[in-house]
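Observations on the model geometry
One letter stands for each residue in the lines below.
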Amino acid sequence: MKTLIRLSSLTAVAILAAACSSGATTAPVATTAGMSGTITIWEAYGASGAAERDAFDTMVAAVKTDNPGLNVTVLDIPFSDLFSKFETAAATGGGPDLYIAPNDSLPTEARANLLVDESSLSATLLAAPYNESQVSLDAATVDGKLYEIPESMKAVGLFYRTDLLPTAPTTTDAWMTALKAGTKLGYVYGANGGGSYYMWGLYGAFGGKILDPATGKCAATSTTGVADSLKWLSDAKAAGLVLYQNDTDAKAAFIKGDIAGFIDGPWMTGDLKTALGAKLGVIPGPTGPGGPFSPLAAPDGFYINKASANTDLATKFALAMLTHEQTFVDKAGHIPANTTITITDPITQGFANVVKTGFARPTAAELNNYWSNFGNAIVAVIDKGTDPTQAVADACTAMDKANKK
Amino acid sequence: MTTVTVARPIPVEEKAVRAGTKGGRQITFKTQILSQIFCIAVASTVLFPLLWVVSMSIDPRNIAKPDGLNLIPSGASLAAYQAVIAKPTLNPISFVELARNSIEISVIVALLTLTLGSLAAYALSRLHFHGRQVLMIAVLAVLMLPAVATLAPLYVLLYSIKLGTTWVLGNSILGVAIAVTAGTLPFAIWNMKGYIDTIPRELEEAAAVDGANKLQIFLFIVLPLAKPVIAVTAFFGFIAGWTEFYFSWAFLQHPADFTLSMALKGMVGQYGSTPWSEFAAFAVLVAIPVSAVYLLLQRYIVAGLALGGVKG
Amino acid sequence: MSVATAAPETIAPLPRPSWWRRSANARTAYLFLLPALLVMAVITFYPLMFQVYMSFTDYSLKNLAGTPANPVGLDNYASILNGNIVLPNFDFFRILTFNFFWALTNVVIHVSLGVLIAVLLNQKGLKLARFYRAIYILPVAIPPIIVAAVWRDMFDPNNGAVNFLLGGLTSIFFKLPPIDWLNNPSDILSVGPLVLPLAYFALLTANIWLGWPLNSVVATGALQSIPGDLYEAAELDGANSWQQFRHITLPFLRPAMLPYAIYGFIITFNLFYLSYFMSGGGPFGQTELLVTIDYRLVQEQHLFGIAAAFAIFQFFILLALTIITNRMAKATADQYA
């Protein structure tokens, strides 16, 4: 009975949205007005500085103004505890009605049956007023079903200082030339700081691939691309590339002027703009012999807790938040999943361009065993001087073993 | 049997009398100088990290991370303290409320551990019954298993206990306190039993002859004699509650129930962007109450660690 | 040994009392134990039994809500021994070896330092001894999570006090490159299954700072219980300082220090905070301990079945430790009692 009501109400939302989409693109209120009840939402913006949380609060306040009967409880959870806490709570029937976060844990949670299947919303989200990109929806889909309502996209690009680096290098060769000429550039590589996340873009530049989507097996040894990209990083280090264990240190060095550029994501934009103002620029990472720099692109978004008693209201609330996405874009530099939102800020626009060459983050379960194994390979090549081909082969074997392939 | 006193911890009163019985003759001037140099060197290694934290917490420049060794910063500022007290977390809970919850958990843990532990310790030390040995080994074995391992079953168990429609034991300060007590109780029993073992039995036997029952003997004779170990047990229980973040982060879902340790854990997390000065200020604020109590109770605590108790 | 003296019934040689009278002592005992046992049965022994059950199943997130998990026999145990689990860098025997080595080296250093400093402070006529004692106790009074976080920051390659200090001390001779204490991936020592990265030494440093003071306090207590006339007599016999230490001080210290060393060994064996917060178990999982693996299996991977099997291994390892150390303590007690 409950599911029936939910389905019918979702259909109602879809119909309303479809009705709206035929008209003007700026009539969002119709779908979400008149919500009442209490919603609990978790977020983890405490880890990333003030700008995101401020924007988030502004949006929640706006939704509440539109819906006087709605009561929203926001809970900030440390990012390192967020997924774990949600998973334990939701699996025992507790937790918030929904949470907003990157989609690191989406495949795990979807397969553990903790999230509401939102597949029926797909058409709504693609249409006005939401106008979400197909890429964002693809990366929110697990085993053919949509389990996340995308909000914005994240991918890494090259931050550079226009005062220190008037023309930023765009290819791997140009990077090497610049480094040899004494230009200081930075890269995050440490196992604990997510090195295997930052490296992903370079795989594309050298024509490498990690996962065979058909079999779920490691594909990094099928071409020399992945090993080549590690070798390039190692050579670049020898030429003067500065490598960091975590991006907080890279950020500090960049603001100080010790490096003229480094690879990082839009979550840094707020703090960097505050510190550097107009001296800040963003372009995609270096294009290589195998193709463009193709970093993992994945949507941050809303996840509706299947154990919640208010799944309808939670879904409506998420949609209402999306109608205020402009705030996230303007205040916190989010790259909207909504393709029609105007981006005035050049940095945010820079990242929107980065996302275009991004690699939609796979939701295959096998990716879970990519991170640490290839993180090891990167550290082994950079710090221990292990042969890249050997390191990649070892990582591949370990990954397949853990995946029982 | 007669010289058994050597192996047991010496109660405070006794120790005070004996203090000053040092070996050998007065040290020479040369030894004095060398010893002083060594002692100062040791003292500086002990103090170095502590000074560093305090100096970070009062650094007036409000930078994310220190850029040099600056043990005595020029121009101290309490801005970091003001910042963390004004807004300890992004959640709607004040510093005072966080502290109150921390105290609640700590006091409940201390009381539960003390009450349950002292009764059990007394029985294990003084009364003889079938299965005593087995029970002692069981308590010891449980003591060795880290609390981490019991999270999943405890979670399910505590969340299955509900009162009315909204109150769930697992999602409450009491629930967390009970989970923490599961970890503190075995050590408390073991340590208190070890201590009670060292208390001479003559008084109890005399009281028994006078017709006192076991409960009266326990309450009016054993407990007063076990003061040091009671202080230790209460203190360790309090510390366990005060520093606990593991069960709290897994269990609690209402920000109104959050504690100081949870806030601190949030700052320590791998992806945290808290400026080090604010972390340092918060750390000092969280550490000071327990450090102060520890230093005040120091003599009792040392005497109350009934280390002979390993004998089982 | 003292069993007979405690039971008051045996004092009165009256006609054989009834069963009810005879069991009075046991009944009181159970009454005293009841509250603690009830609570422990529910919050300690029940989770323990539940662990045993989970260890033979594929218990995961899906089962938390109540659906029964599928039995998998001994698979979980086999996967752990084969290193065939999702956790990266997992090698059961390497981690176990490291865990033992970690606890052992720490305790040996803690006890030696503790005794050395206690003896030094106990010298007759040493000025400021009370002042030093008050300072030396400070590390014990700091909550462990703060100790771990502060030492992590201390060992930071770019902003940490340790490198600032070393850099300052060596700056007259050469410019010290920043040392990445906690993440440097090179092995400092590698013998069989024992691999020690630089991070081990950083963790060791932090734990020495944390661990020796309490040892020193316990040693001081034991030292002060030594009758002064023993030394005077030894001196009359012409014994030098070392002989006095060897034949008077050490025999008195042993019974007090050994139980404490055993206790310290177990505490250090299970020390979660430093490994988890300082090095994060890195590099390559070389500073993981059994207890941090447990945490990762439960909190990060939600592999409750494997975590339970892992905890059972841990339980037996610790049980063996308990029994061995118990014997050792008893042996010492007998020797001096």
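Bear in mind the structure is a predicted one, so any value in this text is a computation, not a measurement. (Residues numbered from 1 in each chain as written. Chains lettered and ligands numbered in written order. Predicted model: local features only at pLDDT ≥ 70, side-chain atom pairs only at ≥ 80, totals over all residues. Heavy atoms only, no water.)

Examining the interface of chain B and chain C
- Each partner contributes residues to the interface: chain B has 102 residues there, and chain C has 103 residues.
- Overall, the association of chain B and chain C removes approximately 9600 Å² of surface from exposure, summing both partners, and the carbon and sulfur fraction of that is 76%.
- Remark: the boundary between chain B and chain C carries ten residue pairs in polar contact (both at pLDDT 80 or more).
- Ranked by residues supplied to the side of chain B that touches chain C, first place goes to helix H2 (residues 29–57) of chain B with 17 residues.
- Across the side of chain B that touches chain C, the residue classes tally to 71 nonpolar, 19 polar and twelve charged. (Contact = heavy atoms within 4.5 Å. Buried area = accessible area lost by both parts, 1.4 Å probe. Polar contact = N/O pair within 3.5 Å; in protein donor to acceptor, adjacent residues only side chain to side chain. Helix = DSSP H or I, 4+ residues; strand = E, 2+ residues; numbered from the N terminus. Nonpolar A, V, L, I, M, F, W, Y, C, P; charged D, E, K, R; others polar.)

Some words on the environment of Asn368 of chain A
- Counting through the fold element by element, Asn368 of chain A comes out in the loop between strand E14 (359–360) and helix H16 (371–384).
- Here the alpha-carbon distance between Asn368 of chain A and Asp104 of chain A, two residues 264 residues apart in the chain, equals 9.2 Å.

Let's talk about unusual backbone geometry
- Residues Ala128 of chain A and Pro129 of chain A are joined by a peptide bond in cis, for which omega reads 5°.
- Residue placement: Pro129 of chain A occurs in the loop between helix H6 (122–126) and helix H7 (134–138).
- Notably, Leu128 of chain C is not glycine yet its phi reads approximately 65°, a positive angle.
- With a phi close to 50°, Phe284 of chain C is a non-glycine residue in the positive phi region.
- Along the chain, the position of Phe284 of chain C falls in the loop between helix H12 (272–279) and helix H13 (290–300).
- Among the residues examined, Phe284 of chain C registers a relative accessible area of 15% and is labelled buried. (Buried < 20%, exposed > 50% of the residue type's maximum accessible area, 1.4 Å probe, protein only.)

A few points about the pattern of salt bridges
Residue and element names in this part refer to chain A.
- Enumeration according to the criterion identifies 16 salt bridges over all chains in this entry.
- The closest approach of N and O atoms between Asp235 and Lys231, which form a salt bridge, is 2.9 Å. Remark: Lys231 and Asp235 occur in helix H10 (residues 225–239); sequence separation between them is four residues, near one turn of the helix.
- With relative accessibility at 43%, the residue Lys231 sits in the partly exposed group.
- What you see here is one network of salt bridges that share partners, running through Glu43, Arg53 and Asp57. (Salt bridge = Lys/Arg side-chain N within 4 Å of Asp/Glu carboxyl O.)

Looking at the sheet that holds strand E11 (residues 280–283) of chain A
Residue and element names in this part refer to chain A.
- If you trace the five strands from one edge of the open sheet to the other, you get E9-E8-E10-E7-E11, paired in mixed fashion. Lying at the two open borders of the sheet, with one neighbouring strand each, are strand E9 (242–244) and E11. With direction set aside, neighbouring strand axes in the sheet form an average angle of 25°.
- Where strand E8 (residues 185–188) meets strand E10 (residues 261–264), two bridges bridge the pair, whose relative direction is parallel. Across the sheet, the residue bridging to Gly186 is Phe262, located in E10. (Pairing = 2+ DSSP bridges. Axes fitted to C-alpha atoms, helices over the stretch in contact; angles between N-to-C directions.)

Considerations on helix H9 (residues 214–225) of chain B
Residues and elements named next belong to chain B.
- For H9, spanning twelve residues, the distance from its first C-alpha to its last is 15 Å, which sits close to the expected 16 Å at 1.5 Å a residue.
- Those residues of H9 lying buried are Ile217, Phe218, Ile221 and Val222. Around the axis of H9, the buried residues are gathered within 130° of arc, so they sit on the same side.
- For H9, the side-chain oxygen to backbone nitrogen distance between the N-cap and Leu215 is 3.1 Å, and the N-cap itself is Asn213. (Expected span 1.5 Å × (residues − 1). Arc of directions from axis to C-beta.)

Quick look at the state of the cysteines
All names here are of chain A.
- Under the defined criterion, the tally for this structure stands at one disulfide over all chains.
- Between the sulfur atoms of Cys218 and its disulfide mate Cys396 the distance is 1.9 Å. Because the torsion about its S-S bond is -80°, the bridge between Cys218 and Cys396 counts as left-handed. Here Cys396 lies in helix H17 (residues 388–402) and Cys218 lies in the loop between helix H9 (195–205) and H10, a separation of 178 residues in the sequence.
- You can call Cys218 buried: its relative accessible area is 10%. (Disulfide = S-S within 2.5 Å.)

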